[in-house]
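One letter stands for each residue in the lines below.
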Amino acid sequence: MKGKDDESKMLEENLANVKKNIERACQKAGRDAGEVTLVAVSKMKPLADIETLVKTGQMEYGENYVQELCEKYEQISTPVRWHMIGHLQTNKVKYIIDKVVLIHSVDSLHLAKQIEKEAAKKDITAQILLQVNVADEDTKFGITPEETMTLAEEISHFPHVRIRGLMTSAPLVDDPEENRCYFKKLHKLFVDIRDKNIDNVTMDILSMGMTNDYEVAIEEGATMVRVGTGIFGQRDYKK
Ligand SMILES: *Cc1c(COP(=O)(O)O)cnc(C)c1O
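Reading the values: the criteria
Every chain is numbered on its own, with residues counted from 1 as its sequence reads. Predicted model: local features are reported for residues with pLDDT of at least 70 only, side-chain atom pairs are reported and counted for 80 or more only, and whole-chain, interface and lining totals are derived from all residues. Neither water nor hydrogens contribute to the side-chain values; these are computed over all heavy atoms in the structure. Salt bridges are defined by distance alone: a side-chain nitrogen of Lys or Arg within 4 Å of a carboxyl oxygen of Asp or Glu. Under the scheme used here, helices are H or I runs from DSSP no shorter than 4 residues and strands are E runs no shorter than 2 residues, and both carry numbers assigned from the N terminus. If even one non-hydrogen atom of a residue comes within 4 Å of a molecule or strand, that residue is called near it. Distance and chemistry together define a polar contact, namely a pair of N or O atoms within 3.5 Å, with one atom able to donate a hydrogen and the other to accept it when in protein, and with adjacent residues in sequence counting only for side-chain atoms on both sides. Accessibility throughout is a Shrake-Rupley quantity obtained with a 1.4 Å probe, and a residue counts as covered only by protein chains that appear here. Ten residues, namely Ala, Val, Leu, Ile, Met, Phe, Trp, Tyr, Cys and Pro, are considered nonpolar, four, namely Asp, Glu, Lys and Arg, are considered charged, and the remaining ones, Gly among them, are considered polar. Only protein chains enter the calculation, and the probe is 1.4 Å; a residue is then buried if its accessible area is under 20% of its type maximum, exposed if over 50%, and partly exposed in between. Pairs of strands are assigned from DSSP output, requiring at least two bridges between the strands. A right-handed crossover is one whose linking path, passing over the helix from the first strand to the second, runs clockwise when the strands point away from the viewer. In this description, contact between two residues means that some pair of their heavy atoms is separated by no more than 4.5 Å. Axis definition: a line fitted to C-alpha atoms, over the contacting stretch in the case of helices. Angles run 0 to 180 degrees between N-to-C directions. Any angle that is under 35 degrees is reported as roughly parallel, and any over 145 degrees as roughly antiparallel; angles of 65 to 115 degrees are reported as roughly perpendicular and all others as oblique. Two helices that cross are described as forming a left-handed crossing if the nearer one is turned anticlockwise from the farther one by less than a right angle, and a right-handed crossing if clockwise.

A few words now on the pattern of salt bridges. Per the counting criterion, the structure on display carries 15 salt bridges. K196 is the partner of E153 in a salt bridge, and the nearest nitrogen-oxygen pair spans 3.7 Å. Residue E153 is located in helix α6 (residues 145-155), and its partner K196 is located in the loop between α7 (180-195) and β7 (201-207); the two are separated by 43 residues in the primary sequence. With a closest N to O distance of 3.4 Å, K184 and E220 form a salt bridge.

Here we come to the site of the ligand. Around the ligand, a shell composed of 13 residues is seen, among which K43, N64, T211, G228 and T229 lie nearest. Here K43 contributes a side-chain N or O atom positioned 2.7 Å from an oxygen atom of the ligand. Within the backbone of G228, an N or O atom sits 2.8 Å from an oxygen atom of the ligand. Here the ligand has 390 Å² of accessible area as a free molecule, and 88% of this is covered by the chains. A breakdown of the residues in the shell around the ligand according to their chemical character gives 5 nonpolar, 5 polar and 3 charged.

Of all 7 residues that make up strand β4 (residues 100-106), 6 are buried, and the element is covered over most of its length. Strand direction decides the pairing type here: β4 and strand β5 (residues 126-131), joined by 2 bridges, are parallel. By the bridge assignment for β5, I103 is matched with I128. Following the backbone out of β4, through helix α5 (residues 109-122) and into the adjacent parallel β5, one traces a crossover that is right-handed.

Residues in a regular strand project their side chains so that they alternate between the two faces of the sheet. The element strand β6 (residues 161-167) is extensively covered by neighbouring structure, given that 5 of its 7 residues are classed as buried. Handedness of the crossover is the feature at issue here: the chain leaves β5, passes through α6, returns alongside β6, and the resulting connection is right-handed. Sheet analysis places β6 next to β7, joined by 4 bridges and oriented parallel. Across the sheet, residue G165 finds its bridge partner in β7, namely I205. Each parallel crossover has a hand, and the one from β6 via α7 to β7 is right-handed.

As for its placement among the helices and strands, S169 is situated in the loop between β6 and α7. On the accessibility criterion, S169 (18% relative accessible area) is buried. Separated by 3.2 Å, the side chains of S169 and R226 make a polar contact. Excluding its chain neighbours within four sequence positions, the residues that come into contact with S169 are E137, K140, M210 and R226.

Looking now at the packing of helix α1 (residues 4-28) against helix α2 (residues 47-54). Between α1 and α2, whose axes approach to 10 Å, the crossing angle comes to 60 degrees. On the basis of their axis angle, the class for α1 and α2 is oblique. Judged by the twist between their axes, the crossing of α1 over α2 is right-handed. Counted together, S8, L11, E12 and L15 of α1 and D49, T52 and L53 of α2 form the full contact between these two elements. Within the contact of α1 with α2, the residues separate by chemical class into 3 nonpolar, 2 polar and 2 charged.

Okay, here's the thing in structure tokens:
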């Protein structure tokens, strides 16, 4: 059996590797590595793993489930920057609204209205991304590319919500090159909305790329990548 120190070392090595790959992808694309934020996706992984990586300076963590996020938020010894990346139900917005720095998964006006309501109560401005189902997969949440501009304009009128950009989860593919067209398409949409200069909309975050395809996503303009397995190892969904 592996000891605790071995596991910590493995996590640190994984993180260092991912960072190296991010730098390499940036170099290839002629971008500054400082333009890309790494969100370590810690869903279904123990708090101890996060605590290990916090010591190396990794401060951005992504969670999918409200209850898990809240538990880790309460229990962690050093405050970190939490990202809500999973599907969010309106009745759960109140639990995370003042705990997360960014909600990546806004996919309806209905949800945005609830976020506005809860943010107003706390007198904060919620930072959000619109989740786009850019590959039009039946199994995925997210709005269509065609709906995105209109939704951005509608949400722009909400005083306690600020749109910061777009997010997508590309299809699960064997060859990450297969997803390049989707990343390109989302980047174009991102630039189109940015160029509209909508009041109260700051298009500065493009959240795309996961373990299997973050390098390609960076080459196509991602400013935020969400990497779970590549850092923490496989998740055990049976547990
Ligand atoms: C789980 C998850 C990730 C991380 O996926 P990996 O393939 O483990 O890197 C990223 N984004 C979202 C929305 C997720 O649900």
